[in-house]
Amino acid sequence: MEEISLREIYFILKKWLWLIVGLLVISMLISAVISFFVLDKEYQAHTTLMVGRPADYISDRELSLSDLNLNQRLVSTYGELIKTRTVADKVIDNLNLPYTYGSLRGKLNVKLVQNTEIISITVNDNNPVMAAEIANETAQVFMDTVKDIMKVENVQVIDVAEPPVNSISPRPMLNIAIAAVLGLMLGVFAAFLIEF
């Protein structure tokens, strides 16, 4: 097998420098155009809920470990309840959304904060105001549903979702940097391919 010296590599890269730089610039331009003008911006809004003491909890009774464990188990149950079709359909009806259960479910993320009684609801949408409205309405519908189904009133909103100012995607600078690396690799590969 024929070996290539560093000197030969240098001269090949120097000879085809215009091609390497050209592919690098073209890749970056394409990525910039797609990131700034083609891809839709996506925004993320959060609301936070807390599972508190049940409404019939006796205030002068000391909070035991079993009470804490029960509340943390309830957090898992509530987290699954937020994702149900019952909650989603009511949110769609209340806000008159053009979404199906599946599409709304895809915009919604429910996170249980480990070892706490806190539930975080995150909504992604192309409209920042709509993302906040969906998050807040989901929290409200969920609280009403818990009252109806489980007959408890121990969930309350800690943080109300507000329309985000900045989008979470696309990330143009990251996309351009990735395109630059790919363009450079493609240019070097093309130069060696043409040469040999």
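Everything that follows concerns the structure shown earlier in this document.
Not measured: the values here are computed from a predicted model.

(A) Looking closely at the overall build of the protein. The helix and strand tally for the protein stands at seven helices and four strands. The order of α-helices and β-strands along the protein, N terminus first, is α-α-β-α-α-α-β-β-α-β-α. Of all 196 residues assigned to the protein, the portion counted as buried reaches 33%. For the protein, the proportion of contacts with a sequence separation of at least 24, taken over those separated by at least 6, is 77%. By element, 60% of the accessible surface of the protein is carried by carbon and sulfur atoms, the whole surface being about 12,600 Å².

(B) Highlighting the sheet that holds strand β2 (residues 108–112). Strand order across the open sheet formed by four strands is β2-β3-β1-β4, with antiparallel pairing between neighbours. Both outer strands of the open sheet, β2 and β4 (155–159), are each paired with one neighbouring strand and no more. Averaged over all pairs of adjacent strands, the angle between strand axes in this sheet comes to 30°, irrespective of strand direction. In this structure, strand β1 (residues 43–51) lies alongside β4, joined through four bridges in antiparallel fashion. Bridge pairing links V51 to V155 in β4. Across the sheet, helix α6 (residues 128–150) is in contact with β1, β2, β3 (118–125) and β4; its angle to β1 comes to roughly 20°.

(C) A look at the nonpolar core. Core analysis: the largest hydrophobic core is formed by 30 residues, its most contacted members being L49, Y78, I82, I119 and F142. Residue assignment for this core shows that the elements contributing at least two residues are β1, α3 (65–82), α4 (85–95), β2, β3 and α6. Ranked by the residues each element gives to this core, the list is headed by α6, at nine residues. Excluding anything up to four places from it in sequence, I82 contacts L49, V87, L108, V110, I119, I121, T138 and F142. Counting six residues, the second largest nonpolar core, distinct from the first, contains W16, I20, A190 and A191.

About the cut-offs
Residues numbered from 1 in each chain as written. Predicted model: local features only at pLDDT ≥ 70, side-chain atom pairs only at ≥ 80, totals over all residues. Heavy atoms only, no water. Helix = DSSP H or I, 4+ residues; strand = E, 2+ residues; numbered from the N terminus. Buried < 20%, exposed > 50% of the residue type's maximum accessible area, 1.4 Å probe, protein only. Contact = heavy atoms within 4.5 Å. Areas by Shrake-Rupley, 256 points an atom, 1.4 Å probe, with all protein chains shown as cover. Pairing = 2+ DSSP bridges. Axes fitted to C-alpha atoms, helices over the stretch in contact; angles between N-to-C directions. Core = buried A, V, L, I, M, F, W, Y, C linked by side-chain atoms within 4.5 Å.

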